[in-house]
Structure formats: C-alpha cells, structure tokens
Amino acid sequence: MTSLADQVVATLRRGIRDGVYVPGETYSVYQLAEAIGVSRSPVREAMVRLADAGLVEIARNRGFQVVLPQARDLAEIFAVRLALEVPAAGRLARAPHDPTDLLACLDTMQNAHDDEQFWAEDRRLHRLILTGAGNRRAARIVAELREVTSLLGEPTGRTHATICAEHRPIVEAIRTGDVPGAREAMRAHLTSTGLLLMAKVAGAAPEDPQTQAIWESATLTA
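In this numbering scheme, every chain counts its residues from 1 along its sequence in written order. It should be noted that, the model being predicted, local features are given only for residues of pLDDT at least 70 and side-chain atom pairs only at 80 or more, the latter also being counted only at that level, while totals for whole chains, interfaces and linings use all residues. Each side-chain value is derived from all of the structure's non-hydrogen atoms; neither hydrogens nor water enter the calculation.

**Student:** What exactly am I supposed to notice about the overall build of the protein here?
**Tutor:** Within the protein, the secondary structure is distributed over ten helices and three strands. Helical segments are the DSSP runs of H or I of at least four residues, strand segments are the runs of E of at least two, and each set is numbered from the N terminus. Each helix (α) and strand (β) of the protein, taken in turn from the N terminus, gives the series α-β-α-α-β-β-α-α-α-α-α-α-α. Atoms counted for the radius of gyration: C-alpha only. Globule rule: 2.2 Å times the number of residues to the power 0.38. A globule of 222 residues ought to have a C-alpha radius of gyration of about 17 Å, and the protein, at 19 Å, matches this closely. The principal-axis extents of the C-alpha atoms in the protein amount to approximately 55 × 45 × 35 Å. Relative accessibility under 20% of the residue-type maximum defines a buried residue, over 50% an exposed one, and the middle range a partly exposed one, all with a 1.4 Å probe and only protein chains included. Scored against the burial criterion, the 222 residues of the protein give a buried share of 41%. Summarising the internal contacts of the protein: among those between residues at least 6 apart in sequence, 71% fall at separations of at least 24. Summing over all exposed atoms, the protein offers an accessible surface of approximately 11500 Å²; the carbon and sulfur share of this is 50%. Charged-residue counts in this description rest on Lys and Arg as positive and Asp and Glu as negative, His and the chain ends being excluded. Each charge is placed at NZ for Lys, CZ for Arg, CG for Asp and CD for Glu. One finds the centroid of the 25 positive side-chain charges in the protein at a distance of 6 Å from the centroid of its 28 negative side-chain charges. Contacts are assigned to residue pairs with any non-hydrogen atoms lying within 4.5 Å of each other. Every accessible area reported is derived by Shrake-Rupley at a probe size of 1.4 Å, with residue values counting cover from the shown protein chains alone.

So this is what it looks like as structure tokens:
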C-alpha cells in the first residue's frame with residue numbers, strides 16, 4: 001500500500017525531473033505541503049528519505065534544497081551497478097533458464113513507440129536479469145539508483161537503436177550460456193552509460209581525462 005510519504009517522494013522526484021524544483025532555491029515544508037495537498041508530517045518524512053538518497057539537503061527551520069548528482073556521485077552509482085549487474089549477468093548465463101522474457105523485452109525496446117515505453121522496457125530488462133540471477137534485493141537497489149540518475153534525463157548522444165545494440169550482446173550471451181561474454185557485455189553497456197551521464201553533468205566529453213580519472217577511481221574494483 002502506498003503511503004502519503006511515498007506519494008510525496010514520487011511527486012518531488014517528478015518535480016525535480018521536470019524542473020519544477022531546482023537547485024539553489026529553498027522550499028519550505030509548509031509550501032510543499034500546501035502545493036501537494038497533504039499535511040506537513042508526510043512531507044517531513046519524504047524529505048528525510050530524499051536526503052538519505054542524496055537528492056535534497058535539509059536546512060533546519062528553513063526547508064530543503066534540491067541537490068542533483070554530480071560526476072563523482074554518478075561514478076559511485078555506476079560502481080554499485082557494476083558490482084551488482086555484471087556478476088548477475090554471468091550467473092544468469094550459467095544457470096538453466098528460459099530466455100523468452102529477455103528476448104521479448106529486447107524486441108519491445110526495438111519497436112518502442114516512444115521514450116516512455118522504451119525506458120520502461122529498459123528498466124524491465126535489467127530487473128529481469130537481476131531477479132533471474134536470484135537477487136531481488138539487488139534489483140530494488142538498482143531501481144532506486146536509476147531513480148536518482150533519471151533526474152538528469154536519459155544519456156544524450158545515443159538513439160534507441162544504439163542502446164538496443166548495447167543490450168543485444170548481453171541477452172545473446174545469457175541465452176547461449178556465454179558467462180564471460182555476458183559479464184563483459186554488461187560491463188561495456190554500464191560503462192558507456194555511466195561515462196555519458198558523467199560527461200553530461202560535467203559539460204565534457206566521456207573521454208575527457210578528468211572524467212576518466214573520476215570514473216576509474218570509483219569503479220576500479222567494481
């Protein structure tokens with residue numbers, strides 16, 4: 001059952017993503033409660049949860065400010081994803097499984113009518129790999145991390161076809177039981193996505209030495 005605090009969190013995430021709430025502005029709990037139409041208590045609870053996720057900073061007796069992830073934050077997020085999703089792809093390739101859902105998901109991505117459908121299937125494909133590998137908790141963690149990165153918009157410079165081309169070798173390696181191939185394809189996909197997002201927030205190219213240095217320092221052991 002969705003609580004009022006859950007609804008406030010979802011509303012704030014949408015507001016941040018859509019530019020309604022922006023960095024540098026201070027928003028009061030009273031202001032937000034009135035705008036959403038709830039009491040102050042669930043707003044305060046939502047603020048604590050969003051602060052724990054690193055999306056807002058709470059200023060005592062003043063309210064909160066939006067904090068969007070920066071390059072180092074993104075590198076750390078993708079270090080966690082690499083640590084969870086690379087071995088998951090390998091485990092799923094090793095285990096007996098039915099690849100029908102993964103293949104159907106990839107097919108839907110390839111034929112998506114709009115961005116909303118495409119990204120929903122993208123998230124579903126990653127979730128299927130994690131849950132198929134036997135780790136539902138990891139799937140929840142990755143979903144939460146993707147909620148953070150989605151506030152920046154999706155990575156620029158790649159078409160749906162290009163992103164599908166990154167997913168296809170992952171699915172194919174899992175389907176054929178190619179454990180090293182599944183791991184390396186997942187690593188390549190996440191690395192490409194992470195570097196593009198880092199470059200986007202830094203206003204630099206993915207191959208920029210500073211971007212690469214931050215990435216390597218965070219993901220070296222992932």
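Once you've had a look at it, read on.
**Student:** Got a minute to help me understand the state of the cysteines in this structure?
**Tutor:** Put plainly, a disulfide is one covalent bond tying together the sulfur atoms of two cysteines. Any two cysteine sulfur atoms within 2.5 Å of one another count as a disulfide. According to the stated counting rule, one finds zero disulfides in the structure shown. Looking at the unpaired Cys105, the closest cysteine sulfur is the one in Cys164, lying at 9.5 Å. Note on Cys105: relative accessible area 0%, which makes it buried. Taking relative accessible area as the criterion, Cys164 reaches 2% and is therefore assigned buried.

**Student:** What is the right way to look at helix α2 (residues 29–36) in this model?
**Tutor:** Given 3.6 residues per turn, any residue in an α-helix points the same way as the ones three and four places further on. Along α2, the residues that are buried comprise Val29, Leu32 and Ala33. The arc that holds the buried residues of α2, viewed along the axis, is 100°, so those residues lie on one side. What points out from α2, more than 90 degrees from its buried face, is the exposed set Tyr30, Glu34 and Ala35. Buried-residue contacts for α2 involve α1 (4–17), β1 (26–27), α3 (40–52) and β3 (63–66). Looking one or two residues beyond α2, the residue adopting positive phi is Gly37, at roughly 90°. It is the directions from the helix axis to the C-beta atoms whose arc is reported.

**Student:** How should the packing of helix α5 (residues 100–110) against helix α8 (residues 160–176) be read in this particular structure?
**Tutor:** For any two helices packed against each other, the geometry is given by the interaxial angle and the distance between the axes. Between N-to-C directions, angles span 0 to 180 degrees; the directions come from axes that are lines fitted to C-alpha atoms, helices contributing only their stretch in contact. At their nearest, the axes of α5 and α8 sit 10 Å apart, and the two run at 165° to each other. Accordingly, the angle class assigned to the pair α5 and α8 is roughly antiparallel. Our pair here, α5 against α8, has a crossing hand that is left-handed. Only Cys164, His167, Arg168, Val171, Ile174 and Arg175 of α8 make contact with α5, whose side of the interface consists of Leu102, Leu103, Leu106, Met109 and Gln110. Residue type decides the class: Asp, Glu, Lys and Arg count as charged, Ala, Val, Leu, Ile, Met, Phe, Trp, Tyr, Cys and Pro as nonpolar, and the leftover types, Gly among them, as polar. Its residues assigned to classes, the contact of α5 with α8 comprises seven nonpolar, two polar and two charged. Orientation labels follow simple angle bins: below 35 degrees gives roughly parallel, above 145 gives roughly antiparallel, 65 to 115 gives roughly perpendicular, and whatever is left gives oblique. Left-handed describes a crossing whose near helix is turned anticlockwise from the far helix through less than a right angle; right-handed describes the clockwise counterpart.

**Student:** How should the environment of Ile58 be read in this particular structure?
**Tutor:** One can find Ile58 in strand β2 (residues 56–59). By relative accessible area, Ile58 is classed as partly exposed at 49%. Once the C-alpha coordinates of Ile58 and Ser28 are considered, the two residues, 30 residues apart in sequence, prove to be 9.7 Å apart. Once you skip the residues sitting within four places of it in the chain, Ile58 turns out to touch Met47, Val48, Ala51, Gly63 and Phe64.

**Student:** Looking at this structure, I do not really get the side chain of Arg158. What am I missing?
**Tutor:** As for its placement among the helices and strands, Arg158 is situated in the loop between α7 (136–150) and α8. A 3.5 Å cut-off defines polar contacts: any pair of N or O atoms within that distance qualifies, except that in protein one atom must be a possible hydrogen donor and the other a possible acceptor, and neighbouring residues in sequence count only when both atoms are side-chain atoms. A polar contact of 2.8 Å, which involves the side chain of Arg158, links it to the side chain of Glu166. A distance of 3.2 Å separates a polar atom in the side chain of Arg158 from a polar atom in the side chain of Thr193. Beyond its immediate sequence surroundings of up to four residues, Arg158 is in contact with Ile163, Glu166, His189, Ser192, Thr193 and Leu196.

**Student:** I would appreciate a short explanation of the nonpolar core in the present structure.
**Tutor:** A general feature of soluble globular proteins is that nonpolar side chains tend to end up buried together. Leu12, Val43, Phe64, Leu125, Ile129 and Ile174 are the most contacted members of the largest nonpolar core, which has 63 residues in total. In terms of residues, this core owes the most to one element, helix α4 (residues 71–94), which gives eleven residues. Not counting the four nearest positions on each side in its chain, Phe64 is found in contact with Leu12, Glu25, Thr26, Tyr27, Leu32, Met47, Val56, Glu57, Ile58 and Ala59. We call a set of buried Ala, Val, Leu, Ile, Met, Phe, Trp, Tyr and Cys residues a nonpolar core when their side-chain atoms join them within 4.5 Å.

**Student:** How should the packing of aromatic side chains be read in this particular structure?
**Tutor:** One pair of aromatic rings is described through two measures. These are the centre distance and the angle between the planes. Two aromatic rings, drawn from Phe, Tyr or Trp (for Trp, its six-membered ring), form a pair once their centres lie within 6.5 Å of each other, and the interplanar angle then sorts them: stacked below 30 degrees, edge-to-face above 60, tilted otherwise. The tally for this structure, following the rule as stated, stands at four aromatic pairs. Pairing Phe118 with Trp119 gives two aromatic rings, centres 5.1 Å apart and planes at 90°, and the pair type is edge-to-face. The exposure classification of Phe118 matches that of Trp119, with both residues buried.

**Student:** Explain the packing of helix α6 (residues 115–132) against α8 to me, please; I cannot follow it from the model alone.
**Tutor:** As a packed pair, α6 and α8 sit with axes 12 Å apart at the nearest point and diverge in direction by 20°. By the angle between their directions, the pair α6 and α8 is classed as roughly parallel. You can see that α6 and α8 cross each other, and the crossing is left-handed. Residues Asp115, Phe118, Trp119, Asp122, Leu125, His126 and Ile129 of α6 touch α8, and the partners they reach there are His160, Ile163, Cys164, His167, Ile170, Val171 and Ile174.

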